[in-house]
2 protein chains.
Amino acid sequence: MPRHADDRSATRAPARLSRETIVAAAIGLADRDGLAGLSMRRLAQHLGVDAMSIYYHLRDKDTLLAAMVDAVAAEIEVDGEIEAATLGGGGTGAAAVGGGGTGVAAVGGGGARAGGEAAAGSGPAGAGAPGPWTDQLRALIMRARRTMLRHPWAARVLEARDTPTPAVLRHIERVLAVLRGGGCSVSLSHHALHLLGSRILGFSQDLFDDSPNTPATEAETAAQAAAWAESMPHIAELAVAVSHSGALGGCDDEDEFAFALDLLIEGLDRRRLAEQG
Amino acid sequence: MPRHADDRSATRAPARLSRETIVAAAIGLADRDGLAGLSMRRLAQHLGVDAMSIYYHLRDKDTLLAAMVDAVAAEIEVDGEIEAATLGGGGTGAAAVGGGGTGVAAVGGGGARAGGEAAAGSGPAGAGAPGPWTDQLRALIMRARRTMLRHPWAARVLEARDTPTPAVLRHIERVLAVLRGGGCSVSLSHHALHLLGSRILGFSQDLFDDSPNTPATEAETAAQAAAWAESMPHIAELAVAVSHSGALGGCDDEDEFAFALDLLIEGLDRRRLAEQG
DNA sequence: CGGTGTAGGTCTACACCGTAGAGTACGTCC
DNA sequence: GGACGTACTCTACGGTGTAGACCTACACCG
């Protein structure tokens, strides 16, 4: 290692790559030219460096892509802090739309009871904004969406990958924290996660398969859960529940899809009635 | 041109390619080896033919991929006919799941009123099964899902494309027919389509952008709508409504997302209450 | 019959891709 | 001075999609 960490440009050092600069440049390139325009050679050229130099810092192109989505997912958190610092609370402009119901609160059947018991725990990884959990969830997801819209390629890469990156995992943890904090059971939170992550209309599978792809022993799962217990408590909780196949009935893809579909159709029918009545 | 159109196999023709055989082989290859395993050379080898021969029948690899998804989407219709022939009606096993509500009918707020006025019109492109529109929609989407699951690569290709193929369009038409037949307004149907086609959790955009990507004149749109009027009446209807920006307020991505998100969150909150109560 | 047009398929070649593997310059430490 | 690790470069290989010229067999026509 060099003695003083940051003496770039000292002699005639040609570029001074680093994992971070590479990833940042790659993101910039992908933002400009799309995923198709991102090749190792073009990226290297962009950095004023030989293509193979990149491979010293990142094993693969796949590793690069993973690092890129991770960086983007990490932006969600930063955006959140900024938002929390500048604004007071929630209110993201997800209000009235089209024909039927407007917000979550005043719609269909039983009048306006939305939040329930509000955020009781607010937990270790709790999201910033106060207010009913429904508003918190909406704000969190809207923030994620806004971040992803700045990097249109990111969604595609994310979908293509089969394992979530750390920052994505943290985002999921935050979503779970809101759900659990809002009074949703572990089981319902689990369904919710699948629901939020899967596309409907009959196309497409789930975003990630949390079913035991690596058929870990129950002991292993428990060990991992313990390791995550303080950093990602809600994910750990869910992982344990899912692995005890008895408790949640495992994690059947078909059931998850049906759950999501039922929920959507029910919501549509409710909107229809509100529209007509 | 040849005199009699269909005298293939006459002499010793080496392979007798055709667009259909190529597409079928490509689908088979993709089913076996995944999208990554599908290269023009490998496909040609599989067909016992030079790679460039394929280009006589299909302009591009992109054209090939489009033809592949179109063929898969067309399977949905065939499956539907088979189903309609063998079984009587609906009932696709999308019943009880996990903690909260079960089907559409008996859930949350106001008791069991689901179908409403049932299928009044049933229209030209009407779906087979009778029963409440909610059941029809569920059956239709489940059928699509089952087809897509047989070709795991298809969803990815479909998402990557930005224009729907004819068979996909027909599927959408069928979905719209059910919605409209069930009493949903054009506006609500429009929202529903976006809802069903877009992924939530903050990632990803819509499946297709129906906003005027080709900024056609209103006259053009009307002309196209007229041309489609009998083959795809509901899509035509919707297209006209959307193009009259006043009527539906155009088609704002943000609004569509908010609509979907609200509907989901409302549904989750309802499940939560049902669970606790 | 020979000539011609053309549908269907092949061959060659090009630019680009990811990346293995060897080689090179340099700073640090014994 | 020599060994060593770090950061980077060079060369090369096997793959990709596809443009463009080429070939071949057959249908047609005078």
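Residues numbered from 1 in each chain as written. Chains lettered and ligands numbered in written order. Predicted model: local features only at pLDDT ≥ 70, side-chain atom pairs only at ≥ 80, totals over all residues. Heavy atoms only, no water.

## Points about the overall build of chain A
- Scanning chain A for helices and strands turns up 12 helices and 0 strands.
- Ordered by position from N to C terminus, the α and β elements of chain A give α-α-α-α-α-α-α-α-α-α-α-α.
- For chain A, with 277 residues in total, the buried portion stands at 44%.
- Nonlocal contacts in chain A, meaning residues at least 24 apart in sequence, comprise 69% of its contacts between residues at least 6 apart.
- Counting only carbon and sulfur atoms, one obtains 55% of the accessible surface of chain A, whose full area is about 13100 Å². (Helix = DSSP H or I, 4+ residues; strand = E, 2+ residues; numbered from the N terminus. Buried < 20%, exposed > 50% of the residue type's maximum accessible area, 1.4 Å probe, protein only. Contact = heavy atoms within 4.5 Å. Areas by Shrake-Rupley, 256 points an atom, 1.4 Å probe, with all protein chains shown as cover.)

## Some words on the protein's contact with DNA strand D
- Every one of the 21 residues lining DNA strand D counts as a neighbour, but Met 52, Ser 53 and His 57 of chain A together with Arg 41 and Lys 61 of chain B are closest to it.
- For DNA strand D, the backbone portion of the atoms within 4 Å of the protein, that is sugar and phosphate, comes to 59%.
- Residue Leu 17 of chain A places a main-chain N or O atom 2.9 Å away from a phosphate oxygen belonging to DNA strand D.
- Tyr 55 of chain B is positioned with one of its side-chain polar atoms (N or O) 2.8 Å from a phosphate oxygen of DNA strand D.
- At the level of secondary structure, the elements contributing two or more residues to the surface near DNA strand D comprise helix H3 (51–57) of chain A together with helix H2 (40–47) of chain B.
- Per-element accounting of the surface near DNA strand D gives the leading share, 4 residues, to H3 of chain A.
- Among the residues making up the surface near DNA strand D, the classes are represented as 9 nonpolar, 4 polar and 8 charged. (Near = heavy atom within 4 Å. Polar contact = N/O pair within 3.5 Å; in protein donor to acceptor, adjacent residues only side chain to side chain. Nonpolar A, V, L, I, M, F, W, Y, C, P; charged D, E, K, R; others polar.)

## Remarks on the packing of helix H8 (residues 186–197) of chain A against helix H12 (residues 253–276) of chain B
- One can describe the packing of H8 of chain A onto H12 of chain B by two numbers: an axis separation of 11 Å at closest approach and a directional angle of 165°. As far as their axial angle goes, H12 of chain B and H8 of chain A are roughly antiparallel. Both H8 of chain A and H12 of chain B take part in a crossing whose hand is right-handed. Seen from H8 of chain A, the contacting residues are Leu 188, Ala 192, Leu 195 and Leu 196 of chain A; seen from H12 of chain B, they are Leu 264, Leu 268, Arg 271, Arg 272 and Glu 275 of chain B.
- Broken down by class, the residue content of the contact of H8 of chain A with H12 of chain B amounts to 6 nonpolar, no polar and 3 charged. (Axes fitted to C-alpha atoms, helices over the stretch in contact; angles between N-to-C directions. Parallel < 35°, antiparallel > 145°, perpendicular 65-115°, else oblique. Left-handed = near helix turned anticlockwise from the far one by under 90°.)

## Some remarks on the pattern of salt bridges
- On inspection of all chains with the given rule, the structure shows 27 salt bridges over all chains.
- Between Asp 60 of chain A and Arg 59 of chain A there is a salt bridge; the shortest N-O distance is 3.9 Å.
- When its relative accessible area of 34% is taken as the criterion, Asp 60 of chain A is described as partly exposed.
- For Arg 272 of chain A, the salt bridge is made with Asp 269 of chain A, and the minimal N-O distance between the two is 2.4 Å. On the criterion of helical spacing, the pair formed by Arg 272 of chain A and Asp 269 of chain A is a turn pair, its members being 3 residues apart in helix H12 (residues 253–276). Note on accessibility: Arg 272 of chain A and Asp 269 of chain A belong to one class, buried.
- By sharing partners, the salt bridges in this structure join Glu 266, Arg 270 and Arg 271 of chain A together with Glu 266, Arg 270 and Arg 271 of chain B into a single network. (Salt bridge = Lys/Arg side-chain N within 4 Å of Asp/Glu carboxyl O.)

## Here we look at H12 of chain B
- Here H12 of chain B is 24 residues long and its end C-alpha atoms lie 35 Å apart, about the 34 Å a rise of 1.5 Å per residue gives.
- Across the 24 residues that make up H12 of chain B, a large majority, 17, are buried. (Expected span 1.5 Å × (residues − 1).)

## Re the UniProt feature "DNA-binding region" (unreviewed entry) in chain A
- Those residues carrying the UniProt feature "DNA-binding region" (unreviewed entry) are residues 39–58 of chain A in this numbering.
- Spanning residues 39–58 of chain A, this segment combines 75% helix with 0% strand, and its end C-alpha atoms are found 14 Å apart. (UniProt positions renumbered as here; feature names shortened; annotations may be inferred.)

## Side note on the confidence of the model for chain A
- Model confidence for chain A is summarised by a mean pLDDT of 74, while 69% of its residues fall at 70 or above.
- Of the regions scoring below 50 in pLDDT, residues 89–127 of chain A engages in 69 contacts with residues more than four places distant in sequence or in other chains. (pLDDT = per-residue confidence, 0-100.)

## Some words on helix H7 (residues 166–181) of chain A
Residues and elements named next belong to chain A.
- The terminal C-alpha atoms of H7 lie 22 Å apart, and with 16 residues this matches the ideal 22 Å at 1.5 Å per residue to within 8%.
- Counting buried positions along H7 yields 12 of 16 residues, so the element is predominantly enclosed.
- Residues of H7 that are buried: Ala 167, Val 168, Leu 169, His 171, Ile 172, Glu 173, Arg 174, Val 175, Leu 176, Ala 177, Val 178 and Leu 179.

## Some words on the side chain of Arg 272 of chain B
- Among the residues examined, Arg 272 of chain B registers a relative accessible area of 0% and is labelled buried.
- Within polar-contact distance, the side chain of Arg 272 of chain B engages the backbone oxygen of Gly 182 of chain A at 3.2 Å.

## Some details on the environment of Ala 66 of chain A
- Following the sequence through the fold, Ala 66 of chain A ends up in helix H4 (residues 61–86).
- Put simply, Ala 66 of chain A and Ala 154 of chain A are 88 residues apart on the chain and 9.8 Å apart in space, counted from C-alpha to C-alpha.

## Here we look at the packing of aromatic side chains
- By the definition in use, this model includes 0 aromatic pairs over all chains.
- In this structure, Arg 271 of chain A packs its charged tip against the face of Phe 259 of chain B, placed 5.5 Å from the ring centre. (Phe/Tyr/Trp six-rings, centres within 6.5 Å; stacked < 30°, edge-to-face > 60°. Lys NZ or Arg CZ within 6 Å of the ring centre and 35° of its normal.)

## What about the packing of helix H1 (residues 19–33) of chain B against H2 of chain B?
Residue and element names in this part refer to chain B.
- Remark: H1 packs on H2, axes separated minimally by 10 Å, with the N-to-C direction vectors making an angle of 110°. The angle between H1 and H2 falls in the class roughly perpendicular. Like other packed secondary-structure pairs, H1 and H2 cross with a definite hand, here right-handed. Along the contact surface, H1 presents Thr 21, Ile 22, Ala 25, Ala 26, Leu 29, Arg 32 and Asp 33, while H2 presents Arg 42, Leu 43, His 46 and Leu 47.

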